[in-house]
Structure formats: C-alpha cells, structure tokens
Amino acid sequence: MLSRGNTAPIFYRILSRFPPGFSFCFAYGSGVKQQLGYDTIRSKRNMIDLIYTVDNPTRWHTANLDLNFEHYSGMRLLGGNVVARFQEHLGARVYFNTLVHLPEEDVIIKYGVVSTKDLLEDLIEWRCLYLAGRLHKPVEIIRNASSSKIQNAMEQNLRSALHAALLMLPEKFTEFELYRAISNLSYAGDFRMIFGENKNKVNNIVRPQIENFRNLYASLIAEQRHCLQLPMNGSDNQICTQDVSESAILAHLNGLPRWPIRRIVERQTSGRYRQDTEDILIGVSRSSNYRAIVARCLRSIVWSSSVWQSIKNIPTAGASKAVRYSWAKALKTFS
C-alpha cells in the first residue's frame, strides 16, 4: 500500500551521508509533494523534510555526531546518549535537525529521527498523532520498512484515518472533501495553524494530489463499501454517500485508535465514575453531537503534541536556526 515508487536518486545520495541502520525513511512536505502556492516539486527553494526511523537512537545519534557534528545545535556537546533521551521523552518523540545545507546536492534539508517503537505506537495508537498524521497523506518512501510490523502499522493508520474522517463528514460529501477531512485530522488543533502556517494549507495539499490520495486509500475505501458509496469516475466533485446510522457510527468509533477512544471516554465521564468503554461509545453514537465530540478529542491530542514538540525544537535547532526557520515559515504564509 505504501510501497516505494521511482524514488529520485538524490534521496539515495542524501541517505548515504548518514549512518546506516534505518528501519524506515520517508520524505514529505512541499519539497517533495506538489502543493498549491509553492514552487514545483523538489524546487531548491523548498526545504526537503525527512524522517529517519531507527531501532537504537543512542547508537545512531552517536554515530551521526561523528559523521555530521555540525548538523546539531549546542546539544551535540552532551553526546549521543543525552540527545537520544531528549528525543524519546519529550514532545512527539522526534528529534529534528533543521536548515541543514548539503552543498554537494545544493539543497537544504530538515530531518527528524524517531525510534521504531515510538513510530509504531503513534501509527497504531495515535498517542501524538504527529508522524501518524504525516503518513495519512501521500509521502515519498525512500527506504522501505524493514519489518512487516511497520508496514502493517502504516496500513492500520490509514484505516483509522478513514474511520475518523467519515465521523467528521455528513451523509453526503465529495471525494475532495473526504481527502481534505483525512488531511485535516492532524492539522485541526495544531497551534502552528494559528500563526506560521498557510490557512489554506490543507486544501493546497489535497487539490493537486487527488490521484495520489486515490491510490493510497483505494483498497481501504473498498473495505467500507457496505457503508460508503464513492463513485470512481475520475471527478473529485462527485457526490459520495455514507451510512450515518447509529450502528455505522459505532463501527467507526470502534475503528479509532486507543488514544482518541481514551480521550472520548475521559471527556464523556469527566472522571466521575467508571463505565464500560463500549457503553460510552454507544452513547456517543446516539448523540446528535458525535462529530463535535470526536473532533474535540482529536484536537486535544494534536494541540498537546504540537505545542510540546515546537518547544522541544527550540533547543534542538538552536536560537539562530529557530528564528530563521520561523521567519521562513512566516514568509511562505504571507507571500
């Protein structure tokens, strides 16, 4: 489902400049996938965003400090063990090095490092809905998953995104609105959308990539044909219809990952008394307000992880790079 296509040679050359041991790598963002309002794909004006998944962050950062000491902020002086602990215990559990210039390729990259176990947890449980959210959308796979666990988790993540998006949508909607709802899951609640991000970002992502979204979700949409009618005639404005009966809503609620369900239960009970999770979900499915209930819980997850990850990115980038990166984002937003 998320297999690698014709990956550009530049990505292989970039990876060759880092220590081996990746369990999975992908590139995302306007530097690799077309977005409206940005230059063409892989334009040198757009920074290339990369995620490196590794089994042992301490070993990997220690080796990377030997190879690419200059990529790190002042935290490099603390050594690979401290860097890895900082990565794994704060924010969305990703450590970013940003505004890294690779003169041999004449590109600027930002790369985030995440442990395999933390990526799996986010994909399956949506604890942070951070990297899971990035993988709801088409990305460039530059190192295929080294294990079936990762591949299966990515497929489950997409399936969960479809359930969540259908809960956000009315009975009738367009194909474009479906993919926009999927893409918006990890942006609604992100405090960076208040400032520093283009307010039309979600539309700009989806509109030029309709075909990529179709390819990504085709088999999962087929799984839902008992409750979802989505005409496949090439037009993204065709009206789609879904079953919004209580049983269909309950099935989608049960299809959500662990952390959204946990937030729903906490908010519905307010900690007053213990109640069976299934009973609570049945109650939500019968509520006319179920969309708002689910949306509020997803926003709370995204808000928390985005705030803490952004705070975490200040010391990992260093003061100078943090200011430059924020300024560049602001220029893109208002240009």
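In this text, all values refer to a predicted model and were calculated from it rather than measured experimentally.

Novice: Would you take a moment to explain the nonpolar core for this structure?
Specialist: Grouped burial of nonpolar side chains is what soluble globular proteins tend to show. Leu178, Tyr179, Tyr217, Leu253 and Ile264 are the most contacted members of the largest nonpolar core, which has 70 residues in total. Tallying contributions element by element places helix 6 (residues 148–168) first for this core, with ten residues. Core analysis: the next-biggest nonpolar cluster, separate from the first, contains 28 residues, Ile10, Tyr72, Val100 and Val113 among them.

Novice: Looking at this structure, I do not really get the sheet that holds strand 4 (residues 107–115). What am I missing?
Specialist: What holds strands together in a sheet is hydrogen bonding between their backbones, with the strands either parallel or antiparallel. Pairing within the open sheet is mixed, and its five strands lie in the order 3-4-2-1-5. A single partner strand is all that each edge strand has here, and the edge strands are strand 3 (95–102) and strand 5 (140–143). For this sheet, the mean angle separating the axes of adjacent strands, direction not counted, is 25°. Sheet topology places strand 1 (residues 22–28) next to strand 2 (residues 48–54); six bridges connect them, and they run antiparallel. Directly across from phenylalanine 26, in strand 2, lies its bridge partner isoleucine 51. Taken strand by strand, helix 2 (residues 57–67) contacts strand 1, strand 2, strand 3 and strand 4, and its axis lies near 150° from that of strand 4. The strands that helix 4 (residues 116–125) touches are strand 1, strand 2 and strand 4; relative to strand 4, the one it contacts most, it runs at about 85°.

Novice: It is not clear to me how the pattern of salt bridges should be interpreted in this structure. Could you clarify?
Specialist: Two side chains bearing opposite charge may form a pair once their charged atoms approach each other closely. Scanning the model with the defined rule gives 16 salt bridges in all. Each of Glu88, Arg93, Lys117, Asp118, Glu121 and Arg127 takes part in a single network of salt bridges with overlapping partners.

Novice: I'm lost on the sheet that holds strand 8 (residues 239–242) in this one. Help?
Specialist: If you trace the three strands from one edge of the open sheet to the other, you get 6-8-7, paired in antiparallel fashion. Looking at the sheet topology across the chains shown, the edges are occupied by strand 6 (172–174) and strand 7 (228–229). For strand 6 and strand 8, the ladder comprises three bridges, and the chain directions are antiparallel. Paired with threonine 174 across the two strands is isoleucine 239, which belongs to strand 8.

Novice: Is there a simple way to think about unusual backbone geometry in this case?
Specialist: Trans is the common state for peptide bonds, and a negative phi is the common state for residues other than glycine. The phi torsion at leucine 99 lies on the positive side, around 50°, for a residue other than glycine. Inspection of the secondary structure puts leucine 99 in strand 3. On the basis of relative accessible area, leucine 99 is assigned to the buried category, the value being 16%. A positive phi is found at leucine 129, a non-glycine position, where the angle reads about 50°.

Novice: Teacher, can you tell me more about helix 7 (residues 175–184) here?
Specialist: For the α-helix, the turn length of 3.6 residues means that residues three or four positions removed from each other point alike. Here helix 7 lies mainly inside the structure; seven of its ten residues are buried. Looking only at helix 7, the buried set comprises Glu175, Phe176, Leu178, Tyr179, Ala181, Ile182 and Ser183. Along its buried surface, helix 7 packs onto helix 6, strand 6, helix 8 (201–206), helix 9 (210–223) and strand 8.

About the cut-offs
Throughout, a residue's number is its position along its own chain's written sequence, starting from 1. For a predicted model such as this one, the threshold for reporting local features is a pLDDT of at least 70, and the threshold for listing and counting side-chain atom pairs is 80 or more; totals across whole chains, interfaces and linings nevertheless cover every residue. Processing note: side-chain calculations cover all non-hydrogen atoms of the structure and skip hydrogens and water entirely. Within this scheme, the nonpolar core is defined by two criteria: the residues are buried Ala, Val, Leu, Ile, Met, Phe, Trp, Tyr or Cys, and they are joined through side-chain atoms within 4.5 Å. Whether a residue is buried, partly exposed or exposed follows from its accessible area with a 1.4 Å probe, protein chains only, as a fraction of its type maximum: under 20%, in between, or over 50%, in that order. Working definition: helices are DSSP H or I runs of at least four residues, strands are E runs of at least two. Numbering for both runs from the N terminus. At least two DSSP bridges between two strands are required for those strands to pair. Note on geometry: axes are lines fitted to C-alpha atoms, helical ones only across the stretch in contact, with angles between N-to-C directions running from 0 to 180 degrees. Any two residues whose heavy atoms approach within 4.5 Å are treated as being in contact. For salt bridges, the criterion is a side-chain nitrogen of Lys or Arg within 4 Å of an Asp or Glu carboxyl oxygen.

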